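Take a look at the letters that make up each chain.
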Amino acid sequence: QVQLVESGGGLVQAGGSLRLSCAASGRTFSTYDMSWFRQAPGKEREFVAGIRRSGGSTYYADSVKGRFTISRENGKDTVYLQMTSLKPEDTAVYYCAAHPVVRWIAQTNEYSSWGQGTQVTVSS
């Protein structure tokens, strides 16, 4: 498994931006599909965005499409989530997830490695 550490969360006003980072260690990062999920209080963990090993394919939840961008730097073993036009409903703990080959990229049970999460709070 790969170890994942998220950073970059915080408090931001509605309409603002944040950039989350997820640093990986322990395995060859470039062989892992990576995704971001989030979990708000009292809700299930939900898919936000995913990116394939090569970075050639990206996927987004409808709720964030056009506002969030996932990217990766395999040379730095890091995946990013650039979040713009943030809304109060984006408030959640954001988790980074990894697995060598993911079939269904939006499914939480496809991933074998998870980070500890980083809190994002958007005030209205």
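Preceding block: the structure.
Here goes a summary of the coordinates provided.

What counts as what
Positions within a chain are numbered from 1, following the residues in the order the chain's sequence is written. Side-chain atom pairs in this predicted model are given and counted only at pLDDT of 80 or more, local residue features only at pLDDT of at least 70, and totals for whole chains, interfaces and linings cover all residues. Excluded from the side-chain calculation are hydrogens and water; included are all heavy atoms of the structure. Only DSSP runs of H or I covering at least 4 residues are called helices, and only runs of E covering at least 2 are called strands; the numbering of each starts at the N terminus. Atoms considered for the radius of gyration are the C-alpha atoms alone. The globule rule reads 2.2 Å times the number of residues to the power 0.38. Relative accessibility under 20% of the residue-type maximum defines a buried residue, over 50% an exposed one, and the middle range a partly exposed one, all with a 1.4 Å probe and only protein chains included. Contacts: residue pairs with any heavy atoms within 4.5 Å of one another. Calculation of accessible area relied on Shrake-Rupley with a 1.4 Å probe; when residues are assessed, cover is drawn exclusively from the protein chains displayed. What makes a salt bridge here is a side-chain nitrogen of Lys or Arg within 4 Å of a carboxyl oxygen of Asp or Glu, nothing more. In protein, a polar contact requires one atom able to donate a hydrogen and another able to accept it; more generally it is a pair of N or O atoms within 3.5 Å, and residues adjacent in sequence count only if both atoms are side-chain atoms. Strands are treated as partners if at least two bridges between them are detected by DSSP. In this analysis an axis means a line fitted to C-alpha atoms, helices contributing only their contacting stretch, and an angle means the value between N-to-C directions, from 0 to 180 degrees.

### Considerations on the overall build of the protein chain
Here is step 1: On a plain count of helices and strands, the protein chain comes out with 0 helices and 11 strands.
Here is step 2: Walking the protein chain from its N terminus toward its C terminus, one meets helices and strands in the order β-β-β-β-β-β-β-β-β-β-β.
Here is step 3: Relative to a compact globule of 124 residues, whose C-alpha radius of gyration would be 14 Å, the protein chain shows 13 Å and is just as compact.
Here is step 4: Projected onto the principal axes, the alpha-carbon positions of the protein chain cover approximately 40 × 25 × 25 Å.
Here is step 5: Taken over 124 residues, the protein chain has a buried fraction of 44%.
Here is step 6: Partitioning the contacts of the protein chain with sequence separation of at least 6, the portion at a separation of at least 24 is 58%.
Here is step 7: Accessible surface, the protein chain as shown: approximately 6200 Å² in total, 47% of it carbon and sulfur.

### Let's talk about the pattern of salt bridges
Here is step 1: Here the structure, examined in full by the defined rule, presents 8 salt bridges.
Here is step 2: R67 is paired through a salt bridge with D90; the nearest N and O atoms lie 2.8 Å apart. One end of the pair, R67, is in the loop between β6 (58–60) and β7 (68–73); the other, D90, is in the loop between β8 (78–83) and β9 (92–99), and 23 residues separate them in sequence.
Here is step 3: Among the charged side chains, a salt-bridge network with shared partners connects R38, E46, R67 and D90.

### Side note on the side chain of S113
Here is step 1: With respect to the helices and strands, S113 occurs in strand β10 (residues 113–114).
Here is step 2: Of note is the side chain of S113, whose polar atom sits 3.1 Å from the backbone oxygen of V2.
Here is step 3: Apart from residues no more than four positions distant in its own chain, S113 is found in contact with Q1, V2, L4, C96, A97 and A98.

### A short note on the pairing of β7
Here is step 1: Of the two faces of β7, only the one carrying F68, I70 and R72 is buried; T69, S71 and E73 on the other face are not.
Here is step 2: Taken together, the 6 bridges between β7 and β8 define a ladder with antiparallel strand orientation. Bridging from a neighbouring strand, S71 pairs with Y80 of β8.
Here is step 3: Hairpin remark: β7 followed by β8, antiparallel, with 4 residues in the connecting loop; positive phi at D77, about 55 degrees.

### Description of the environment of V48
Here is step 1: Positionally, V48 belongs in strand β5 (residues 46–51).
Here is step 2: With a relative accessible area of 1%, V48 lands in the buried category.
Here is step 3: A C-alpha to C-alpha distance of 8.4 Å links V48 and Y59, two positions 11 residues apart in sequence.

### Observations concerning the sheet that holds β8
Here is step 1: Judged by pairing direction, the sheet is antiparallel, and its 4 strands sit side by side in the order β1-β3-β8-β7 without closing on themselves. Only two strands of the sheet have a single neighbouring strand rather than two, namely β1 (3–7) and β7. Between one strand axis and the next, the sheet turns through 15 degrees on average, direction left out of account.

### Focus on the side chain of R52
Here is step 1: By the secondary structure assignment, R52 is in the loop between β5 and β6.
Here is step 2: Residue R52 is classed as buried on the basis of its relative accessible area of 18%.
Here is step 3: With sequence-adjacent residues up to four places away left out, R52 is seen in contact with D33, S57, Y59, R72, V102, R103 and I105.

Read these as geometric descriptors, not functional statements.
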